Amino acid sequence: IEQGIHVYMSQVTVKYLKPAFFGDTLGIVTNVRRITKVILEWDHLIYRCGTQEQLTRVTCRAACVNSAGAVIALPDEIRDVFRKVKRAWTPPSQP
């Protein structure tokens with residue numbers, strides 16, 4: 001924001017696959033799907049610990065805009081952080 005750059009969510013999709021129950025221990029894994037010049041996409045996978053059953057998938061898409069509201073290229077610092085996360089991601093192990 002100090003540089004006049006804002007990150008806006010352009011799309012969020014939530015897919016509920018199975019219910020969670022009181023007392024369940026849940027895990028959340030973030031997986032960066034795509035990085036382009038102007039768009040970031042990632043998933044949040046919510047699963048039941050111990051069984052690794054996937055309960056929910058949240059898919060997010062974001063873009064940067066300037067103070068006037070125009071879409072701009074992602075700053076290198078933001079792209080670099082998402083690239084590091086993408087390289088480091090490993091799926092949760094299966095039981």
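Residues numbered from 1 in each chain as written. Predicted model: local features only at pLDDT ≥ 70, side-chain atom pairs only at ≥ 80, totals over all residues. Heavy atoms only, no water.

**Student:** How do you make sense of the overall build of the protein when you look at a structure like this?
**Tutor:** A tally of regular secondary structure across the protein gives one helix and five strands. Sequence-ordered secondary structure for the protein, helices as α and strands as β, is β-β-β-β-β-α. Buried residues in the protein amount to 26% of all 95 residues. Long-range contacts, defined here as pairs at least 24 residues apart, represent 59% of the contacts in the protein between residues at least 6 apart. Within the structure as shown, the protein displays about 6,500 Å² of accessible surface, and the carbon and sulfur contribution to it stands at 57%. (Helix = DSSP H or I, 4+ residues; strand = E, 2+ residues; numbered from the N terminus. Buried < 20%, exposed > 50% of the residue type's maximum accessible area, 1.4 Å probe, protein only. Contact = heavy atoms within 4.5 Å. Areas by Shrake-Rupley, 256 points an atom, 1.4 Å probe, with all protein chains shown as cover.)

**Student:** Looking at this model, I keep getting lost on the packing of aromatic side chains. Mind explaining?
**Tutor:** Describing an aromatic ring pair means giving the distance of the ring centres and the angle of the ring planes. Summed over all chains, the structure comprises one aromatic pair. Taking 5.4 Å as the distance between ring centres and 45° as the angle between the ring planes, the aromatic pair formed by W42 and F82 counts as tilted. Taken as a pair, W42 in strand 3 (residues 39-48) and F82 in helix 1 (residues 76-88) lie far apart in primary sequence, 40 residues in all. W42 gets classed as buried once you look at its relative accessible area, which sits at 11%. (Phe/Tyr/Trp six-rings, centres within 6.5 Å; stacked < 30°, edge-to-face > 60°.)

**Student:** Would you take a moment to explain the nonpolar core for this structure?
**Tutor:** Core analysis: the biggest nonpolar cluster contains eight residues, these being I5, L40, W42, V58, C60, A62, C64 and L74. Every element with two or more residues in this core is listed here: strand 3 and strand 4 (53-65). The element contributing the most residues to this core is strand 4, with four residues. Setting aside chain neighbours within four positions, we find L40 in contact with R34, I35, C60, R61, A62, L74, I78 and F82. (Core = buried A, V, L, I, M, F, W, Y, C linked by side-chain atoms within 4.5 Å.)

**Student:** Looking at this structure, how should I read the pairing of strand 4?
**Tutor:** It is a general feature of regular strands that their side chains alternate between the two faces of the sheet. Across 10 bridges, the pairing between strand 1 (residues 6-16) and strand 4 is antiparallel. Bridge pairing links K15 to R57 in strand 4. In terms of strand pairing, strand 3 meets strand 4 through 10 bridges, oriented antiparallel. Looking across to strand 4, one finds that L45 is bridged to R57. Bridge count between strand 4 and strand 5 (residues 71-72): two bridges; the pairing is antiparallel. Bridge pairing links V65 to V71 in strand 5. Between the antiparallel neighbours strand 4 and strand 5 lie five residues, among them G69 with a positive phi of about 90°. (Pairing = 2+ DSSP bridges.)

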